[in-house]
Each structure stands twice: as structure tokens, then as C-alpha cells.
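If you want the building blocks of each chain, they are given just below.
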Amino acid sequence: MITATFHMEESRIVSFQVEGHSGLASEGEDILCAAVTSAVRLTECAVNDVLGLEASVKVKPEKALISLKLPGGLGQTNESTCQTLMAALMVYLTQLHEEYPENIIVMEV
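Residues numbered from 1 in each chain as written. Predicted model: local features only at pLDDT ≥ 70, side-chain atom pairs only at ≥ 80, totals over all residues. Heavy atoms only, no water.

**Student:** Explanation requested: the overall build of the protein chain in the structure shown.
**Tutor:** Assigned secondary structure in the protein chain consists of 2 helices and 5 strands. Along its sequence from the N terminus, the protein chain presents helices and strands in the succession β-β-α-β-β-α-β. For a compact globule of 109 residues, the expected C-alpha radius of gyration is about 13 Å, and the protein chain comes in at 14 Å, within 12% of that figure. For the C-alpha atoms alone, the extent of the protein chain along its principal axes is close to 40 × 25 × 20 Å. For the protein chain, buried positions account for 37% of its 109 residues. Expressed as a percentage of contacts within the protein chain between residues at least 6 apart in sequence, the contacts between residues at least 24 apart total 57%. For the protein chain, the accessible surface area stands at approximately 6,400 Å², while carbon and sulfur atoms represent 52% of it. Each charge class in the protein chain can be summarised by its mean position, and for the 6 positive and 15 negative side chains these summaries are 11 Å apart. (Helix = DSSP H or I, 4+ residues; strand = E, 2+ residues; numbered from the N terminus. Rg over C-alpha atoms; globule rule 2.2 N^0.38 Å. Buried < 20%, exposed > 50% of the residue type's maximum accessible area, 1.4 Å probe, protein only. Contact = heavy atoms within 4.5 Å. Areas by Shrake-Rupley, 256 points an atom, 1.4 Å probe, with all protein chains shown as cover. Lys, Arg positive; Asp, Glu negative; His and termini not counted. Charge placed at Lys NZ, Arg CZ, Asp CG, Glu CD.)

Next comes the structure, spelled out in C-alpha cells:
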């Protein structure tokens with residue numbers, strides 16, 4: 001199962017962690033894992049490569065884990081953009097959970 005955890009500070013998403021395999025199909029053929037990976041990578045690229053921020057990213061392939069933590073002290077525009085990106089990721093993963101409830105779970109902590 002894929003577990004996506006979004007860490008909150010009041011209404012602000014400060015980080016996320018996505019871990020595990022969906023088990024829907026074998027590795028390399030799993031459309032759900034591919035969809036999740038693509039969405040997570042797009043979010044990370046938007047934050048770090050497009051906006052030029054230095055969000056902390058940790059990848060542990062042996063655990064099928066990736067996490068991203070937003071930096072502090074973002075200006076109003078970057079903060080708003082990052083919150084939109086993080087919320088969009090959360091909504092997308094929640095929609096995947098609704099379609100594949102046995103294979104992905106999304107949590108806010």
C-alpha cells in the first residue's frame with residue numbers, strides 16, 4: 001500500500017512523505033505507482049526547479065520513499081504558489097484513494 005502523509009502547521013502544508021508500493025501490479029507495470037510518482041516529481045520540480053526554492057527532498061529507493069519539506073521564510077507569492085501545489089497534490093492523491101481504496105491512503109498530521 002502507498003501511504004501519503006501531509007504534515008500540517010495549522011492550515012499550512014509544510015511537508016509530505018509518500019512511501020510504499022500499491023501492489024496493484026508488479027513493479028514497473030503498476031499504473032497507480034506511476035501516477036503517484038509522476039505527481040510527486042512534478043510537485044518537487046515545480047517547487048525546486050521552476051520556483052528556484054530549496055525544499056528539502058529525501059529519497060530512499062529501498063523503502064520506496066520520497067519526502068519534501070518546504071523551506072521557511074517564503075515570501076507571500078512563493079508561499080501561495082507552494083500551498084497551491086501541495087494542496088493540488090493532496091487532492092489528486094485523495095482522488096486516487098477514492099478510486100483505489102485498497103492501494104493508497106492519504107493522511108494529514
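**Student:** Would you explain helix α1 (residues 31-50) in this entry?
**Tutor:** Helical periodicity: at 3.6 residues per turn, an α-helix aligns residues three or four positions apart in one direction. A rise of 1.5 Å per residue sets the reference length of α1, with its 20 residues, at 28 Å; its end C-alpha atoms lie 26 Å apart and thus fit the reference within 8%. When we look at burial in α1, the residues that qualify are L32, C33, A35, V36, A39, V40, T43, E44, A46, V47 and N48. Along its buried surface, α1 packs onto β1 (2-9), β2 (12-19), β3 (56-60), β4 (65-69), α2 (76-99) and β5 (104-108). Note on α1: the residue one or two positions beyond its end, G52, has a positive phi of about 75°. (Expected span 1.5 Å × (residues − 1).)

**Student:** Help me out: how do you make sense of the environment of T37 in this one?
**Tutor:** Note on placement: T37 falls in helix α1. Overall, the relative accessible area of 44% leaves T37 in the partly exposed class. Distance in space between the C-alpha atoms of T37 and I66 is 9.1 Å, their sequence separation being 29 residues.

**Student:** Please clarify how the nonpolar core should be interpreted in this entry.
**Tutor:** In terms of nonpolar packing, the biggest core is built from 26 residues, with F6, F16, V18, V36, L93 and I104 touching the most fellow members. Contributing elements (two or more residues each) for this core: β1, β2, α1 and α2. If one sorts the elements of this core by residue count, α1 sits on top with 7 residues. Not counting chain neighbours up to four residues away, the residues in contact with I104 comprise M1, I2, L32, V36, L93, L96 and H97. (Core = buried A, V, L, I, M, F, W, Y, C linked by side-chain atoms within 4.5 Å.)

**Student:** I keep staring at the packing of aromatic side chains and nothing clicks. Help me out?
**Tutor:** Using the criterion set out here, one finds 1 aromatic pair in the structure. With a centroid separation of 5.9 Å and 45° between ring planes, the pair formed by F6 and F16 is classed as tilted. Of this pair, F6 sits in strand β1 while F16 is found in strand β2, placing the two residues 10 residues apart along the sequence. Of the two residues, F6 and F16, neither departs from the other in class, the shared state being buried. (Phe/Tyr/Trp six-rings, centres within 6.5 Å; stacked < 30°, edge-to-face > 60°.)

Bear in mind that shape data such as this cannot, by itself, settle questions of function.
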